[in-house]
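So the chains spell out like this:
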Amino acid sequence: FLETAAYFCMKPKMGEKEVSPHSFFSIWHEFSSDFKDFWKKENKLILQERVKEAEEVCRQKKGKSLYNIRPKHDSGIVSKNYSNT
């Protein structure tokens, strides 16, 4: 524990000889809570951006026709019967 506190440059509070676990973890808890909140907000923003991009792709694909309509040619039995009469 003391090595970890030294790694993060924690100094004991006034009147204490060593960094107490309570003081270290209270600061660590605040940090991790803030980090978790920012992480959730950032993920939410990224998700919203991806949804907008996907909607734009869908709009672009809907604008383009997925199939072509060709004009009907008179080449069946019915057309031959009408042309003979």
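- For the chain, an unreviewed UniProt entry supplies the name Formin-2 and the organism Leptosomus discolor.

### Concerning the overall build of the chain
Step number 1: A tally of helices and strands in the chain yields three helices and zero strands.
Step number 2: Helices and strands appear in the chain in the N-to-C order α-α-α.
Step number 3: Across the 85 residues in the chain, those meeting the buried criterion constitute 6%.
Step number 4: For the chain, the exposed area adds up to about 8,900 Å²; of that, 59% sits on carbon and sulfur atoms.

### Quick word on the side chain of Ser23
Step number 1: Take Ser23: it is sitting in helix α2 (residues 21-63).
Step number 2: Residue classification places Ser23 among the buried residues on the basis of a relative accessible area of 6%.
Step number 3: Among the polar contacts listed, one links the side chain of Ser23 to the backbone oxygen of Ser20, at a separation of 2.9 Å.

Rules behind the numbers
- Residues numbered from 1 in each chain as written.
- Predicted model: local features only at pLDDT ≥ 70, side-chain atom pairs only at ≥ 80, totals over all residues.
- Heavy atoms only, no water.
- Helix = DSSP H or I, 4+ residues; strand = E, 2+ residues; numbered from the N terminus.
- Buried < 20%, exposed > 50% of the residue type's maximum accessible area, 1.4 Å probe, protein only.
- Areas by Shrake-Rupley, 256 points an atom, 1.4 Å probe, with all protein chains shown as cover.
- Polar contact = N/O pair within 3.5 Å; in protein donor to acceptor, adjacent residues only side chain to side chain.

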